[in-house]
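One-letter residues, chain by chain:
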Amino acid sequence: MNRRRFKIICASAIIAGALVFLVVAGVKNTGMRHFTPDALVAHAQEVDNKGIQVDGLISEGTTEWDPTTFQLTFAVRDRESKAEVNVLYANRIKPDNFKDGGNVFVQGNYNASENLIVATKLQTKCASKYEAVEGVTAQASKPSEGEY
């Protein structure tokens, strides 16, 4: 009876160890560090040829779109600093609300020697839809009697 119990405990420990290893390896391989363009330029060699995420603004005058090859190139910059990171978004359609000066979130592989992100995911944000107009405050109003 003891020998059978020992075998079950050993098998359970091996299975549990394998599961822990798979989870750790999966998280390590899919985990991506998030940067601003300024921080990415500062830590370029640490994340060379690794997956990263960058949040910033589309630099004015850097956008080039080729509709025949579905290739979009542009630069992402910080709000405060002049640091820029080049982006290549290939074989995908350009987002409708993509415009110079707009907010953008880019995910992809970073090449430090070229200061280039080969993007696999690109999301644009339209903050103007959600910002209050100057001088206007949002207030919840109760309908008056008879108004429904």
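Look up a bit, the structure's there.
Residues numbered from 1 in each chain as written. Predicted model: local features only at pLDDT ≥ 70, side-chain atom pairs only at ≥ 80, totals over all residues. Heavy atoms only, no water.

Undergrad: Describe the packing of aromatic side chains, naming the residues involved and giving the relevant values.
TA: Going through the model one piece at a time under the given rule, you end up with two aromatic pairs. For the pair Phe74 and Phe98, a centre-to-centre distance of 4.9 Å together with 70 degrees between the ring planes defines the contact as edge-to-face. Here Phe74, found in strand 4 (residues 71–77), pairs with Phe98, found in the loop between strand 5 (84–90) and strand 6 (103–111); they are 24 residues apart in sequence, far enough to count as distant. The same class applies to Phe74 as to Phe98, namely buried. (Phe/Tyr/Trp six-rings, centres within 6.5 Å; stacked < 30°, edge-to-face > 60°. Helix = DSSP H or I, 4+ residues; strand = E, 2+ residues; numbered from the N terminus. Buried < 20%, exposed > 50% of the residue type's maximum accessible area, 1.4 Å probe, protein only.)

Undergrad: Tell me about the pairing of strand 6, and please be specific about residues and values.
TA: Summarising burial for strand 6: seven of the nine residues are buried, a large majority. One ladder, built from seven bridges, connects strand 2 (residues 51–58) with strand 6; its direction is antiparallel. Looking at the pairing, Gly51 lines up with Asn109 of strand 6. Sheet topology note: the strand 6/strand 7 (residues 116–125) ladder contains nine bridges and is antiparallel. (Pairing = 2+ DSSP bridges.)

Undergrad: Run through the pairing of strand 4, naming residues and quoting values.
TA: Side-chain direction in a regular strand flips from residue to residue, so the side chains alternate between the two faces of the sheet. A large share of strand 4 lies buried, amounting to five of its seven residues. As paired elements, strand 2 and strand 4 share two bridges and run antiparallel to each other. Its bridge partner being in strand 4, Ile58 is matched across the sheet by Val76. In this structure, strand 3 (residues 64–66) lies alongside strand 4, joined through three bridges in antiparallel fashion. Bridging from a neighbouring strand, Glu64 pairs with Thr73 of strand 4. Joining the antiparallel neighbours strand 3 and strand 4 is a turn of four residues, in which Phe70 adopts a positive phi near 55 degrees. In this structure, strand 4 lies alongside strand 5, joined through seven bridges in antiparallel fashion. Each residue of the ladder has a partner; that of Ala75, found in strand 5, is Asn86. Where strand 4 folds back on strand 5, the antiparallel hairpin that results is connected by six residues.

Undergrad: Explain the pattern of salt bridges to me, using residue names and the numbers behind them.
TA: Tallying each qualifying case throughout the model produces two salt bridges. Residue Arg77 pairs with Glu60 through a salt bridge whose shortest N-O separation is 3.5 Å. Here the residue Arg77 occupies a position in strand 4, and Glu60 occupies one in the loop between strand 2 and strand 3, the gap between them amounting to 17 residues. Of the residues examined, Glu60 reaches a relative accessible area of 48% and is grouped as partly exposed. (Salt bridge = Lys/Arg side-chain N within 4 Å of Asp/Glu carboxyl O.)

Undergrad: So what's going on with the nonpolar core? Which residues, and what values?
TA: Counting residues in each nonpolar core, the largest one holds 21 residues, and the members touching the most others are Leu40, Ile52, Phe74, Val106, Tyr110, Ile117 and Leu122. Within the residue set of this core, elements represented by two or more residues are strand 2, strand 4, strand 5, strand 6 and strand 7. Residues within four places of Leu122 in sequence aside, it is in contact with Leu72, Phe74, Tyr89, Pro95, Phe98, Val104, Phe105 and Val106. (Core = buried A, V, L, I, M, F, W, Y, C linked by side-chain atoms within 4.5 Å. Contact = heavy atoms within 4.5 Å.)

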